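A closer look at the structure
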Amino acid sequence: MVFQTSCLRVRKVFSLWNQLGKQQVPELNRAGVIIRDATHVHQLIHTLQSGGANTLQVVSDFDMTLSKFSHNGQRCPTTHNLLHSSCLITEECKHKMRALQERFYPVEIDTAMSLEEKIPLMVEWWSDAHDLLVQQEIQRKLLANAVSQSEAKLRDGYALFFSTLERCGVPLLIFSAGVGDIVEEILKHHHLLTHTVSIQANYMTFNKEGVLEGFVEPLIHSFNKGAGHCLSPAHISRSHDRPYVLLLGDSLGDVSMANQLPGVQKVLKIGYLNDQVEARRPAYVSTYDIVLERDETLDVPNAILRHISMATHL
Ligand code: TMP
Ligand code: MG
């Protein structure tokens, strides 16, 4: 009897939380937002909100998470294939990189394959793509122009996302298996590379003449973001006393991006499900706390940040 009464009370509190959470973050009610465990999510949002902006850090993937997957029905480029629309690489190189993508992208997004099967193939994709780029003798000074002329697009709402983080002093770690120099140029192009942003990605190395000669080791691919990387010291010093993480990703491997960060207690994981939505829904729903289907905006992360920052009156 006592047990039943307390169960009822707990259920009432949780349902109140659900209602409050949905009212406070109405964007969570949108079509295309899938939440496996609403109580867990609202508890997490409540914890993040109680801690306030001073206890929060954001860790986000770049390609197809901060950048768009598609725009007006057209696929948008990743940082690796953004150079395809420039004259910095030859037609032959573009052709070979596309062939690699056709072979390995289905592996990347295959939810039936194990990590043990996928990882060597991902290493092969990244190593071959980097070798092809190195053969092109790309000049560092031409990257900014190639980026500004490319079709790369950030998700709608990006300006609010970056300005909220800056206004509230919340550090952002962009953890990308893309090309670091290109992520940096895209952010510079949009005036978003502020002192609270750190980038962990595959950076190019250049010789004395400023010509591409290699990539910094260890390689980052979609499924090794959780271990083996020396994380950005700038981000560690900005975030060591921030136990709560808002994590944004689009690959199933992105959920591990906060694994190496010291002192992390709670992670609210938001996953963008961009491609093969129906087939991959079960895997995404069981991996991420909040799944956003075919959503080319940052509206949901922005709404959660608004909720947290309003609560701390920042
Ligand atoms: P991300 O970690 O910022 O999402 O970047 C990795 C993405 O880049 C991943 O989804 C696969 C993609 N990619 C290409 O589009 N072309 C390539 O040549 C390589 C190596 C990766
Ligand atoms: Mg990605």
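Now for a look at the structure at hand. Everything numeric here is computed off the predicted structure, so don't read it as measured data.

**Some remarks on unusual backbone geometry**
Here Glu217 and Pro218 are connected by a cis peptide whose omega angle stands at -5 degrees. Mapped onto the elements, Pro218 comes out in the loop between β8 (212-215) and α8 (233-239). Positioned with a positive phi, Gln276 is a non-glycine residue whose angle comes to about 45 degrees. With respect to the helices and strands, the residue Gln276 is situated in the loop between β10 (266-273) and α9 (277-287). Overall, the relative accessible area of 46% leaves Gln276 in the partly exposed class. Even without being glycine, Arg294 reaches a positive phi, approximately 45 degrees. Looking at the secondary structure, you find Arg294 in the loop between β11 (290-293) and α10 (299-311).

**Topic: the coordination of the magnesium ion (ligand 2)**
For a metal with four tetrahedral donors the ideal donor-metal-donor angle is 109.5 degrees, whereas six octahedral donors ideally subtend 90 or 180 degrees. Within the protein, the atoms that donate to the magnesium ion (ligand 2) are Asp61 (OD), Asp63 (O) and Asp250 (OD), at distances of 2.0 to 2.2 Å. Sequence positions of the donors to the magnesium ion (ligand 2) reduce to the motif D-x1-D-x186-D. With Asp63 in the loop between β2 (56-60) and β3 (70-71) and Asp250 in the loop between β9 (244-249) and β10, this pair connects stretches of sequence that are 187 residues apart. Each member of the pair, Asp63 together with Asp250, is buried.

**Details of the site of ligand 1**
Around ligand 1 sit 18 residues in total, of which Asp61, Thr78, Ser176, Ala177 and Lys225 are the nearest. Between ligand 1 and the protein, one listed contact pairs an oxygen atom with a side-chain N or O atom of Trp125 at 3.4 Å. The fraction of the free accessible surface of ligand 1 (490 Å²) that becomes covered by protein chains is 96%. Every element with two or more residues in the shell around ligand 1 is listed here: α3 (91-109), α4 (115-135) and β5 (172-179). Split by residue class, the shell around ligand 1 holds six nonpolar, seven polar and five charged.

**Some points on the environment of Leu44**
Relative to the helices and strands, Leu44 resides in helix α2 (residues 38-51). Leu44 sits 245 residues away from Asp289 along the chain, and the two C-alpha atoms are 9.6 Å apart. Leaving out residues up to four positions away in the same chain, Leu44 has contacts with Lys266, Val267, Leu268 and Asp289.

**Quick look at the pattern of salt bridges**
With the rule as written, the count across this model stands at 16 salt bridges. A salt bridge links Asp61 to Lys225; its shortest N-O distance comes to 2.8 Å. Placement of Asp61 in the loop between β2 and β3 and of Lys225 in the loop between β8 and α8 is noted, with a sequence separation of 164 residues between them. Note that Asp254 and Lys225 form a salt bridge whose closest N and O atoms lie 2.9 Å from each other. Placement of the pair is Asp254 in the loop between β9 and β10 and Lys225 in the loop between β8 and α8, with a sequence separation of 29 residues. Both residues of the pair, Asp254 and Lys225, belong to the buried class.

Conventions and cut-offs
- Residues numbered from 1 in each chain as written.
- Chains lettered and ligands numbered in written order.
- Predicted model: local features only at pLDDT ≥ 70, side-chain atom pairs only at ≥ 80, totals over all residues.
- Heavy atoms only, no water.
- Helix = DSSP H or I, 4+ residues; strand = E, 2+ residues; numbered from the N terminus.
- Buried < 20%, exposed > 50% of the residue type's maximum accessible area, 1.4 Å probe, protein only.
- Donors = N, O, S within 2.8 Å, 3.2 Å for Na, K, Ca; no water.
- Near = heavy atom within 4 Å.
- Polar contact = N/O pair within 3.5 Å; in protein donor to acceptor, adjacent residues only side chain to side chain.
- Areas by Shrake-Rupley, 256 points an atom, 1.4 Å probe, with all protein chains shown as cover.
- Nonpolar A, V, L, I, M, F, W, Y, C, P; charged D, E, K, R; others polar.
- Contact = heavy atoms within 4.5 Å.
- Salt bridge = Lys/Arg side-chain N within 4 Å of Asp/Glu carboxyl O.

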